[in-house]
Amino acid sequence: MADDKQLTRLRDQIDSIDDQILALISERARCAQQVAEVKQSAGDAVFYRPEREAQVLRHIMAKNQGPLDNEEMARLFREIMSACLALEQPVKVAFLGPEGTFTQEAALKHFGHSAVTVPLGAIDEVFREVAAGAVNYGVVPVENSTEGMINHTLDTFLDSTLNICGEVELRIHHHLLVGPNTHSDHITRVYSHSQSLAQCRQWLDGHYPKAERIAVSSNAEAAKRIKGEWNSAAIAGDMAAELYGLTKLNEKIEDRPDNSTRFLIIGRDSIPPSGDDKTSIIVAVRNEPGALHNLLEPFHRNGVDLTRVETRPSRTGKWTYVFFIDFLGHRDAPNVSAVLAEVGSIVADLRVLGSYPKAVL
Ligand SMILES: O=C(O)C(=O)C[C@]1(C(=O)O)C=C[C@@H](O)C=C1
């Protein structure tokens, strides 16, 4: 048994520290309320400030001396800021539903749990609802470390005028889930999103080679569907398992242990610099010799680091290539604006999708 006196003394200490934390969080929340008043009196209706949130989290991570690690500490502050923002004005965030998808997990990781998350049926719908002002922001998957780009999201940007205002990365752990009617020896069907089935291909080949693999609109949808079915399993994450009351037969069945997905936050406003930013652009290039070299050379000459170059077929048929390019730096930075001016003058079309803080968590 622990020493009772020592335990009591330590718990008294924790009680008194909690009182101080409580008073400080309340003081911080009152400050946020005053910030809201300042914004309102300036006629500014935008309460969520991603560049400021990134700065707050980076500052906390730089100052943290343990024993909690930087990510853990930032997550706590993420939730405090989320609650403070909800006091100013609750933020409404649409995501690719139903409830329990990895996209919802990404939305909550980025905005914290005080955000109101709204499930929608398709990526296009998320874009539409943000554009219509029915929600403040949207979260869409853009790229998986195992399976590559999510082309549907890229293509939707071609027809949209929305801005990218943030990015969030999520480690993706898949589990094989079953309802009460299914035994592990009698699984004849495995439901999941096509990307998730692909991310677990080798595991399925090894463990359930004969089971039919059925692609559905999301892994949460797969989890929802198998609840009452016999001989069926779903591949989905923790949130879906919990939400639909399913049992995890096998955990972390993704073929690559570092499997992660990058999501983008889309909104209507452009975001000021945070000090550590990225920019995404779409360019349409004429089909001429040296076109790709001419496009990329100004980045190199101006010391702008490219983080991704992705090609998609142009849908107008007018231009042969459309490139999605991500690079480090904010569009307001002199070297970035010089590159954008130069690139804009040589390509058929250039659209800046947005400059936004690099993912902190
Ligand atoms: O600094 C602001 O503009 C605030 O509204 C305060 C605060 C915070 O809690 O720190 C809250 C919400 C914003 O998204 C950014 C920061």
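Conventions we followed
Residues numbered from 1 in each chain as written. Predicted model: local features only at pLDDT ≥ 70, side-chain atom pairs only at ≥ 80, totals over all residues. Heavy atoms only, no water. Near = heavy atom within 4 Å. Polar contact = N/O pair within 3.5 Å; in protein donor to acceptor, adjacent residues only side chain to side chain. Areas by Shrake-Rupley, 256 points an atom, 1.4 Å probe, with all protein chains shown as cover. Helix = DSSP H or I, 4+ residues; strand = E, 2+ residues; numbered from the N terminus. Nonpolar A, V, L, I, M, F, W, Y, C, P; charged D, E, K, R; others polar. Phe/Tyr/Trp six-rings, centres within 6.5 Å; stacked < 30°, edge-to-face > 60°. Buried < 20%, exposed > 50% of the residue type's maximum accessible area, 1.4 Å probe, protein only. Salt bridge = Lys/Arg side-chain N within 4 Å of Asp/Glu carboxyl O. Pairing = 2+ DSSP bridges. Axes fitted to C-alpha atoms, helices over the stretch in contact; angles between N-to-C directions. Disulfide = S-S within 2.5 Å. Core = buried A, V, L, I, M, F, W, Y, C linked by side-chain atoms within 4.5 Å. UniProt positions renumbered as here; feature names shortened; annotations may be inferred. Patch = residues over 30% accessible without salt bridge, like charges linked within 9 Å, V, L, I, M, F, W, Y side chains within 5 Å. Lys, Arg positive; Asp, Glu negative; His and termini not counted. Charge placed at Lys NZ, Arg CZ, Asp CG, Glu CD. Parallel < 35°, antiparallel > 145°, perpendicular 65-115°, else oblique. Contact = heavy atoms within 4.5 Å.

### Focus on the site of the ligand
Thinking step 1. The full set of residues close to the ligand is Arg28, Val35, Lys39, Phe47, Tyr48, Arg49, Arg52, Glu53, Met81, Cys84, Leu85 and Glu88.
Thinking step 2. Take Arg49: an N or O atom from its main chain is 2.9 Å from an oxygen atom of the ligand.
Thinking step 3. Protein chains bury 90% of the 360 Å² of accessible surface belonging to the ligand in isolation.
Thinking step 4. Residue assignment for the shell around the ligand shows that the elements contributing at least two residues are helix H1 (4–41), helix H2 (50–63) and helix H3 (70–88).
Thinking step 5. Examining the composition of the shell around the ligand, we find that four residues originate from one element, H3, more than from any other.
Thinking step 6. Residue composition of the shell around the ligand, by class: six nonpolar, no polar and six charged.

### Quick word on the packing of aromatic side chains
Thinking step 1. In this structure the tally under the stated criterion is six aromatic pairs.
Thinking step 2. Centre to centre, the rings of Tyr48 and Phe111 are 5.0 Å apart; their planes meet at 45°, and the pair counts as tilted. On the criterion of sequence distance, the pair formed by Tyr48 in the loop between H1 and H2 and Phe111 in helix H4 (residues 102–111) is long-range, its members being 63 residues apart.
Thinking step 3. For Tyr48, a relative accessible area of 5% translates into the label buried.
Thinking step 4. A relative accessible area of 2% means that Phe111 is categorised as buried.
Thinking step 5. Taken together, Tyr48, Phe111 and Tyr137 form an aromatic cluster joined through their ring pairs.

### Section: the pattern of salt bridges
Thinking step 1. On inspection of all chains with the given rule, the structure shows 20 salt bridges.
Thinking step 2. Across the pair Glu297 and Arg301 runs a salt bridge whose closest N-O atoms are separated by 2.8 Å. Here Glu297 and its partner Arg301 are both found in helix H11 (residues 291–301), four residues apart, which amounts to about one turn of the helix.
Thinking step 3. The partner of Arg308 in a salt bridge is Glu310, and the shortest N-O contact between them spans 3.8 Å.
Thinking step 4. Look at Glu310 and you get partly exposed, because its relative accessible area is 21%.
Thinking step 5. Residues joined in a network through salt bridges with shared partners are Glu143, Glu167, Arg262, Lys278, Arg308, Glu310 and Asp326.

### Notes on the pairing of strand E7 (residues 189–192)
Thinking step 1. When E7 meets strand E8 (residues 212–215), the two strands line up parallel, connected through four bridges. When the sheet's bridge partners are listed, Ser192 is paired in E8 with Ala215.
Thinking step 2. Relative to strand E9 (residues 232–236), E7 is paired through three bridges, and the arrangement is parallel. Bridging across to E9, Val190 finds its partner in Ala233.

### Points about the sheet that holds E9
Thinking step 1. On the basis of which strands lie adjacent, the open sheet formed by five strands has the order E8-E7-E9-E6-E10 and mixed pairing. Two strands in the sheet have a free side with no partner beyond their single neighbour: E8 and strand E10 (247–250). Between one strand and the next, the sheet's axes are offset by a mean angle of 35°, whatever the strand orientation.

### Side note on the state of the cysteines
Thinking step 1. For the coordinates displayed, the defined rule picks out zero disulfides.
Thinking step 2. No disulfide involves Cys31; its sulfur sits 8.8 Å from the nearest other cysteine sulfur, which is in Cys84.

### Concerning the nonpolar core
Thinking step 1. The biggest cluster of nonpolar side chains holds 23 residues, and the ones touching the most others in it are Phe127, Phe157, Leu264, Ile266 and Phe324.
Thinking step 2. Broken down by secondary-structure element, the contributors of at least two residues to this core are strand E1 (92–96), helix H5 (123–132), strand E3 (137–144), helix H6 (151–158), strand E11 (260–267), strand E14 (321–328) and strand E15 (349–357).
Thinking step 3. With four residues, H5 is the largest single contributor of residues to this core.
Thinking step 4. Judged by nonpolar contacts, the second largest core, of 20 residues, contains Ala107, Tyr137, Val139 and Leu170.

### Overview of the UniProt feature "domain: Prephenate dehydratase" (unreviewed entry) in the protein chain
Thinking step 1. Here the UniProt-annotated "domain: Prephenate dehydratase" (unreviewed entry) positions come out as residues 92–268.
Thinking step 2. What you have in residues 92–268 is 31% helix and 33% strand, and the ends, taken at the C-alpha atoms, are 13 Å apart.

### A short note on a negative patch on the surface
Thinking step 1. A contiguous patch of negative charge on the surface is contributed by Asp12, Asp15, Asp18 and Asp19.
Thinking step 2. Looking at the secondary structure, you find Asp19 in helix H1.
Thinking step 3. The class of Asp19 is exposed, set by a relative accessible area of 52%.

### Let's talk about the packing of H3 against H4
Thinking step 1. Where H3 meets H4, the axes come as close as 8 Å, and the angle between the chain directions of the two elements is 85°. In terms of orientation, H3 and H4 fall into the roughly perpendicular class. Between H3, through Arg78, Glu79 and Ser82, and H4, the contact on the second element is made entirely by Leu108, Lys109, His110 and Phe111.
Thinking step 2. Of the residues in the contact of H3 with H4, the class split is two nonpolar, two polar and three charged.

### Side note on unusual backbone geometry
Thinking step 1. With an omega of 5°, the peptide bond running from Gly66 to Pro67 counts as cis.
Thinking step 2. Here Pro67 lies in the loop between H2 and H3.
Thinking step 3. Note the cis peptide between Gly97 and Pro98, where omega equals 0°.
Thinking step 4. Assignment of secondary structure puts Pro98 in the loop between E1 and H4.
Thinking step 5. The backbone of Asn231 shows a phi angle near 55°, a positive value even though the residue is not glycine.
Thinking step 6. We classify Asn231 as partly exposed; its relative accessible area is 29%.

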